[in-house]
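One letter stands for each residue in the lines below.
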Amino acid sequence: MRAGEQATRRPGGRCRQAGFTLIELMIAVAVVAILASIAYPSYTRYVERSKRTDAHAGLMDAAQVLERCYTVYSSYNNGSCVLSDGDTRPSPDQHYTISVASTDTSFTVTATFSGSGGDGCPNPLTLNNLGVRGPNDDCW
């Protein structure tokens, strides 16, 4: 009898064996390993993209706050504004730290990854008052 088999008696006294051979088991393990090796990188890229979405939301929110400040005070760097030069705040899901660099007529907000696991981007994400996004790669 092979491993994992059970013998059953048929009428007439002959035994029928049921179970898997080692080769069949190894083929099944190999198929699962191949599928996992294809699926895991795709999953990690998906997780990285979902984290970057948090950075995008944080940058857009900070830019909106600064634009409202400019509308009211005609300056991105007024002390009465919620955000001004040198301020930092966490992104909505707190994977990033959003920092502000502003003058009276311009601003740049930067999202620096502060979570665990990485986001797949080599440089922090930026957005300025003209709507220019950086760095110019697949991170946006």
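Note that the structure is a prediction, hence the values are computed from the model and not measured.

On to the overall build of the chain, then. Looking only at helices and strands, the chain has 1 helix and 7 strands in total. Along the chain, helices (α) and strands (β) appear in the sequence β-β-α-β-β-β-β-β when read from the amino end. Taken over 140 residues, the chain has a buried fraction of 26%. Long-range contacts, defined as pairs at least 24 residues apart, comprise 37% of the intrachain contacts of the chain with a sequence gap of at least 6.

Residue P135 follows G134 across a cis peptide bond; omega there is -15 degrees. For P135, the position within the fold is in the segment after β7 (133–134). Of note, S74 is a non-glycine position whose phi angle comes to about 55 degrees, a positive value. By the secondary structure assignment, S74 is in the loop between α1 (22–73) and β3 (88–90). The backbone of Q94 sits at a positive phi, close to 65 degrees, despite the residue not being glycine. Within the secondary structure layout, Q94 lies in the loop between β3 and β4 (96–102).

Right, let's get into the side chain of D119. Structurally, D119 can be placed in the loop between β5 (107–113) and β6 (125–128). Of the side chains bearing the opposite charge, R52 lies closest to the buried D119, which forms no salt bridge; the N-O distance is 5.6 Å.

The subject of this paragraph is the state of the cysteines. Summed over all chains, the structure comprises 2 disulfides. Covalent S-S linkage joins C69 and C81, the inter-sulfur distance amounting to 1.5 Å. Handedness of the C69-C81 disulfide follows from its S-S torsion of about 50 degrees: it is right-handed. In this pair, C69 sits in helix α1 while C81 sits in the loop between α1 and β3, placing the two residues 12 residues apart along the sequence. We note that C69, like C81, is buried. Between the sulfur atoms of C121 and its disulfide partner C139 the distance amounts to 1.9 Å.

So, about the packing of aromatic side chains. By the definition in use, this model includes 3 aromatic pairs. Judged by centre distance (4.5 Å) and plane angle (25 degrees), the ring pair of Y70 and Y76 falls under stacked. By relative accessible area, Y76 is classed as buried at 5%. Relative to F113, the ring of Y96 has its centre 5.3 Å away and its plane inclined at 75 degrees; by these criteria the two rings are edge-to-face. Of this pair, Y96 sits in strand β4 while F113 sits in strand β5, and the two are 17 residues apart along the sequence. Here the aromatic cluster, defined as three or more aromatic residues joined through ring pairs, consists of Y70, Y76 and F107.

Below, the discussion takes up the environment of Y76. Tracing the chain through its elements places Y76 in the loop between α1 and β3. For Y76 and A101, which are 25 residues apart along the polypeptide, the C-alpha to C-alpha distance reads 9.6 Å. Polar side-chain contacts of Y76 include one of 3.2 Å to the side chain of E67.

Parameters at a glance
- Residues numbered from 1 in each chain as written.
- Predicted model: local features only at pLDDT ≥ 70, side-chain atom pairs only at ≥ 80, totals over all residues.
- Heavy atoms only, no water.
- Helix = DSSP H or I, 4+ residues; strand = E, 2+ residues; numbered from the N terminus.
- Buried < 20%, exposed > 50% of the residue type's maximum accessible area, 1.4 Å probe, protein only.
- Contact = heavy atoms within 4.5 Å.
- Lys, Arg positive; Asp, Glu negative; His and termini not counted.
- Salt bridge = Lys/Arg side-chain N within 4 Å of Asp/Glu carboxyl O.
- Disulfide = S-S within 2.5 Å.
- Phe/Tyr/Trp six-rings, centres within 6.5 Å; stacked < 30°, edge-to-face > 60°.
- Polar contact = N/O pair within 3.5 Å; in protein donor to acceptor, adjacent residues only side chain to side chain.

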